[in-house]
Amino acid sequence: MQNSNYLYNSNILEVKNLNVWYRAFQALKEISLSIPRHHVIACIGPSGCGKSTFLRCFNRMNDLIPGTRISGQVLLDGQDIYNSGVDPTEIRTHIGMVFQKPNPFPKSIFDNVAFGLRINGFKGNIKEAVESSLRRAALWDEVKDRLNKSALTLSGGQQQRLCIARAIAIQPAVILMDEPCSALDPVATLKIEDLIAILKEEYTIVIVTHNIQQAARVSDYTAFFTMADDRSGILVEFGKTNEIFSNPKDKRTEDYITGRFG
Amino acid sequence: MIDTFHEKLEELKKDVIDMGNLVSNNVEDAINSILTGNPELARKVIKDDDKIDDYNAMIEEKCMYILALYQPVARDLRLIQSINIIVIYLERIGDISVNIAKLTIRLYEKDKKQLDKDILEIIIEMSNIVRSILDKALKAFSKEDSRLALKLDQMDSSITDLQKALYQKMYKTSVYHSEDYIKLVTNISLLSRYLERIGDNSVNIGDRVLYYLTGDFRHIHSDV
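Residues numbered from 1 in each chain as written. Chains lettered and ligands numbered in written order. Predicted model: local features only at pLDDT ≥ 70, side-chain atom pairs only at ≥ 80, totals over all residues. Heavy atoms only, no water.

### Examining the packing of aromatic side chains
Okay, so step 1: Summed over the entire model, instances satisfying the criterion amount to 7 aromatic pairs over all chains.
Okay, so step 2: Stacked on the ring of Trp21(A), the Lys or Arg Arg69(A) has its end atom at 4.2 Å from the ring centre.
Okay, so step 3: Positioned above the aromatic ring of Phe141(B), the side-chain terminus of Lys13(B) is 5.9 Å from the ring centre. (Phe/Tyr/Trp six-rings, centres within 6.5 Å; stacked < 30°, edge-to-face > 60°. Lys NZ or Arg CZ within 6 Å of the ring centre and 35° of its normal.)

In structure tokens form, the structure reads like this:
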């Protein structure tokens, strides 16, 4: 792993008193939680509760939105990724991301996966690295005979697995997934969910989903966010998924997951 | 869609309460049939048990559909799971009532036998306690009352003492002088066993109510 030079800690990510503002609006308020290594963490909550904002804090994507201000700490293996000396591009090689709609580059299947390797000055055998990533994304058998075809010829589910292959090609420690299955049919969704279960052996995965059954199926831990009275996002409950879905401690969690709110 | 889901849950709870009332009535009738030596009432108990079995199957089917269609979680999931198990206990209590009714028929079909007054008193006391546990378990479910459900185990403990007292009485009065008497004593000890089982199953219902209400698995472990 690329992060082996860091001090080993069972929590790969730690969030401490995180606040995020979009100009005057506070999108996240006082969020603190620890994310254990090699587990899947699901973030659930009603629309507008800040869970996607939360996800984007991990790879400093919020930096790209004008007027964003952040306080608090996000520690990746003990290092604050918001420290002044940290290059966000460097962070993004450790923390990959997969989006709601599959967004392959309008290039060949091979080049999509090789892209990140090339721009990061990969010295090894690119062919092998691409094959390995495509295999780990459970896509290799379906595309091995047409690696030079455009990625846009793939189905939606295949495109999303290609995006996962592209994200893992550069060996990140963490993969962020923002609603990765919402544009996919049930079969493709199931394939991604199976893939998540396999990927957590090597990576830590943080997934935002509106589908609470999906959160229950794929994750080890669940974080439930909601909106405070001033509409800013707060973390209500974070715990083991089987406990959250069988016996949540907070009534707001219970009301949300049982469909009595929102 | 969400509203119909919660309506379905309410409907399901009502089905369990209705089934519970049928079971409670059948327990009462079965006990009365043996206390008053009434084979007619016993036959009604056996016949009414079919309705209980139908409720059991119908509720299980509804639970399956709700699980398949709505994937309930948290409190709703605990409710469905608890109902699935509660109806098994209710169905068993129904079967035990049938067993008691069969005792009545065996003992009283041909001629009336006079039960010893002391023995009769103990059986009446056991019956009252057992019926009270069952009714309280059902009430704990319908009123979602965890404090009431917590009391059941304590009530059940006196059953064992009464059962011992009953055996003592029977040993003392029994002189093994007639086949009829041995038959009576055997049937009465069976009856005490049936009553005890109704109590146990009712306590188990209470434990499932507690799990549903609190989400605490310890309530369904025997050592707590």
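The discussion continues.
### Details of the side chain of Asn56(B)
Residue and element names in this part refer to chain B.
Okay, so step 1: You can see Asn 56 is positioned in helix H2 (residues 39-70).
Okay, so step 2: Overall, Asn 56 belongs to the buried group, its relative accessible area being 15%.
Okay, so step 3: Contact partners of Asn 56, with chain neighbours within four places excluded, come to Met 19, Val 87 and Glu 91. (Helix = DSSP H or I, 4+ residues; strand = E, 2+ residues; numbered from the N terminus. Buried < 20%, exposed > 50% of the residue type's maximum accessible area, 1.4 Å probe, protein only. Contact = heavy atoms within 4.5 Å.)

### So, the nonpolar core
Residues and elements named next belong to chain B.
Okay, so step 1: In terms of nonpolar packing, the biggest core is built from 66 residues, with Ile 83, Leu 90, Ile 100, Ile 188 and Ile 205 touching the most fellow members.
Okay, so step 2: Elements that contribute at least two residues to this core include exactly helix H1 (2-36), H2, helix H3 (74-108), helix H4 (117-143), helix H5 (146-173) and helix H6 (179-214).
Okay, so step 3: Broken down by element, this core gets its largest block of residues, 16 residues, from H3.
Okay, so step 4: In this structure, Ile 205 is in contact with Ile 86, Tyr 89, Leu 90, Ile 93, Leu 134 and Ala 137, ignoring residues within four places of it in sequence. (Core = buried A, V, L, I, M, F, W, Y, C linked by side-chain atoms within 4.5 Å.)

### Section: the interface of chain A and chain B
Okay, so step 1: On the side of chain B, 15 residues touch chain A, which itself brings 10 residues to the contact.
Okay, so step 2: Both sides of the chain A and chain B interface together cover about 910 Å² of buried area, and 49% of this is carbon and sulfur.
Okay, so step 3: The tally of links from chain A across to chain B stands at 1 salt bridge.
Okay, so step 4: Between Asp76(B) and Arg260(A) there is a salt bridge; the shortest N-O distance is 2.9 Å.
Okay, so step 5: Taken together, the connections running from chain A to chain B amount to 10 residue pairs in polar contact (both at pLDDT 80 or more).
Okay, so step 6: Elements supplying a minimum of two residues to the side of chain A that touches chain B: helix H9 (241-246) and helix H10 (251-257) of chain A. (Buried area = accessible area lost by both parts, 1.4 Å probe. Salt bridge = Lys/Arg side-chain N within 4 Å of Asp/Glu carboxyl O. Polar contact = N/O pair within 3.5 Å; in protein donor to acceptor, adjacent residues only side chain to side chain.)

### Quick look at the packing of helix H4 (residues 126-136) of chain A against helix H6 (residues 156-169) of chain A
Residue and element names in this part refer to chain A.
Okay, so step 1: Interaxial distance between H4 and H6 falls to 8 Å at its minimum, and their mutual angle equals 130°. It follows that H4 is oblique to H6 by the angle criterion. Here H4 runs over H6; the crossing is right-handed. Between H4 and H6, the contacting residues are Ser 133, Leu 134 and Arg 136 on the first element and Leu 162, Ala 165, Ile 168 and Ala 169 on the second.
Okay, so step 2: Residues that form the contact of H4 with H6 fall into these classes: 5 nonpolar, 1 polar and 1 charged. (Axes fitted to C-alpha atoms, helices over the stretch in contact; angles between N-to-C directions. Parallel < 35°, antiparallel > 145°, perpendicular 65-115°, else oblique. Left-handed = near helix turned anticlockwise from the far one by under 90°. Nonpolar A, V, L, I, M, F, W, Y, C, P; charged D, E, K, R; others polar.)

### Comments concerning a nonpolar patch on the surface
Residue and element names in this part refer to chain B.
Okay, so step 1: A cluster of nonpolar side chains, contributed by Met 64, Leu 67 and Leu 77, occupies part of the molecular surface with about 240 Å² of accessible area.
Okay, so step 2: Note on placement: Met 64 falls in helix H2.
Okay, so step 3: When its relative accessible area of 52% is taken as the criterion, Met 64 is described as exposed. (Patch = residues over 30% accessible without salt bridge, like charges linked within 9 Å, V, L, I, M, F, W, Y side chains within 5 Å. Areas by Shrake-Rupley, 256 points an atom, 1.4 Å probe, with all protein chains shown as cover.)

### Here's the deal with the side chain of Asp15(B)
Residue and element names in this part refer to chain B.
Okay, so step 1: Structurally, Asp 15 is set in helix H1.
Okay, so step 2: Judged by its relative accessible area of 10%, Asp 15 is buried.
Okay, so step 3: Sequence-distant contacts of Asp 15, that is, excluding residues within four places in its chain, are made with Tyr 55, Met 58, Ile 59 and Lys 62.

### Describing the pattern of salt bridges
Where charged atoms from two side chains of opposite charge come close, those side chains can pair.
Residue and element names in this part refer to chain B.
Okay, so step 1: One pass over the structure, following the stated rule, counts 28 salt bridges over all chains.
Okay, so step 2: Its salt-bridge partner being Asp 18, residue Lys 14 comes within 3.1 Å of it at the nearest N-O pair. Taken as a pair, Lys 14 and Asp 18 lie in helix H1 at a separation of 4 residues, close to a single helical turn.
Okay, so step 3: Judged by relative accessible area, which is 23%, Asp 18 ranks as partly exposed.
Okay, so step 4: In this structure, Arg 131 engages Glu 28 in a salt bridge whose closest nitrogen and oxygen atoms are separated by 3.7 Å. Highlighted residues: Arg 131 in helix H4 and Glu 28 in helix H1, separated in sequence by 103 residues.
Okay, so step 5: Judged by its relative accessible area of 24%, Arg 131 falls in the partly exposed class.
Okay, so step 6: Salt bridges linked by common partners bring Asp 29, Lys 44, Asp 48 and Lys 51 together as one network.

### With respect to unusual backbone geometry
Residues and elements named next belong to chain A.
Okay, so step 1: With phi around 45°, Asn 17 is a residue other than glycine that occupies positive phi space.
Okay, so step 2: The backbone phi angle of Ala 138 is positive, close to 55°, even though this residue is not glycine.
Okay, so step 3: With respect to the element layout, Ala 138 can be found in the loop between H4 and helix H5 (140-143).

### Observations concerning the state of the cysteines
Residue and element names in this part refer to chain A.
Okay, so step 1: For the coordinates displayed, the defined rule picks out 0 disulfides over all chains.
Okay, so step 2: With no disulfide of its own, Cys 49 lies closest to Cys 43 among cysteine sulfurs, the gap being 8.7 Å.
Okay, so step 3: Of all cysteine sulfurs, the one in Cys 181 lies closest to Cys 163, which takes part in no disulfide; the gap is 12 Å. (Disulfide = S-S within 2.5 Å.)

### Looking at the environment of Ile83(B)
Residues and elements named next belong to chain B.
Okay, so step 1: Tracing the chain through its elements places Ile 83 in helix H3.
Okay, so step 2: The exposure class assigned to Ile 83 is buried, which follows from its relative accessible area of 0%.
Okay, so step 3: With 58 residues separating them along the chain, Ile 83 and Phe 141 place their C-alpha atoms 9.6 Å apart.
Okay, so step 4: Those residues in contact with Ile 83 that lie beyond four places of it in its chain are Leu 12, Lys 13, Val 16, Ile 59, Cys 63 and Phe 141.

### A few points about the environment of Ile234(A)
Residues and elements named next belong to chain A.
Okay, so step 1: As for its placement among the helices and strands, Ile 234 is situated in strand E10 (residues 233-240).
Okay, so step 2: Separated by 185 residues in sequence, Ile 234 and Cys 49 have C-alpha atoms that sit 7.2 Å apart.
Okay, so step 3: Not counting residues within four places of it along the chain, the set of residues in contact with Ile 234 comprises Lys 29, Ile 31, Cys 49, Phe 224, Phe 225, Thr 226, Met 227, Ala 228 and Arg 252.

### Re H6(A)
All names here are of chain A.
Okay, so step 1: Taking 1.5 Å of rise per residue, 14 residues should cover 20 Å, and H6 covers 20 Å from first to last C-alpha, within 8% of that figure.
Okay, so step 2: With 13 of 14 residues buried, H6 lies mostly within the body of the structure.
Okay, so step 3: Backbone geometry just downstream of H6 places Gln 171 in the positive-phi region, at approximately 55°. (Expected span 1.5 Å × (residues − 1).)

### Remarks on the pairing of strand E7 (residues 174-178) of chain A
For a regular strand, the rule is simple: side chains alternate between the two faces of the sheet.
Residue and element names in this part refer to chain A.
Okay, so step 1: Among the 5 residues in E7, 5 count as buried, and that is most of the element.
Okay, so step 2: On E7, burial covers both faces: Val 174, Leu 176 and Asp 178 on one face and Ile 175 and Met 177 on the other are all buried.
Okay, so step 3: One ladder, built from 4 bridges, connects strand E6 (residues 95-98) with E7; its direction is parallel. Within the sheet, the bridge partner assigned to Ile 95 lies in E7 and is Val 174. (Pairing = 2+ DSSP bridges.)

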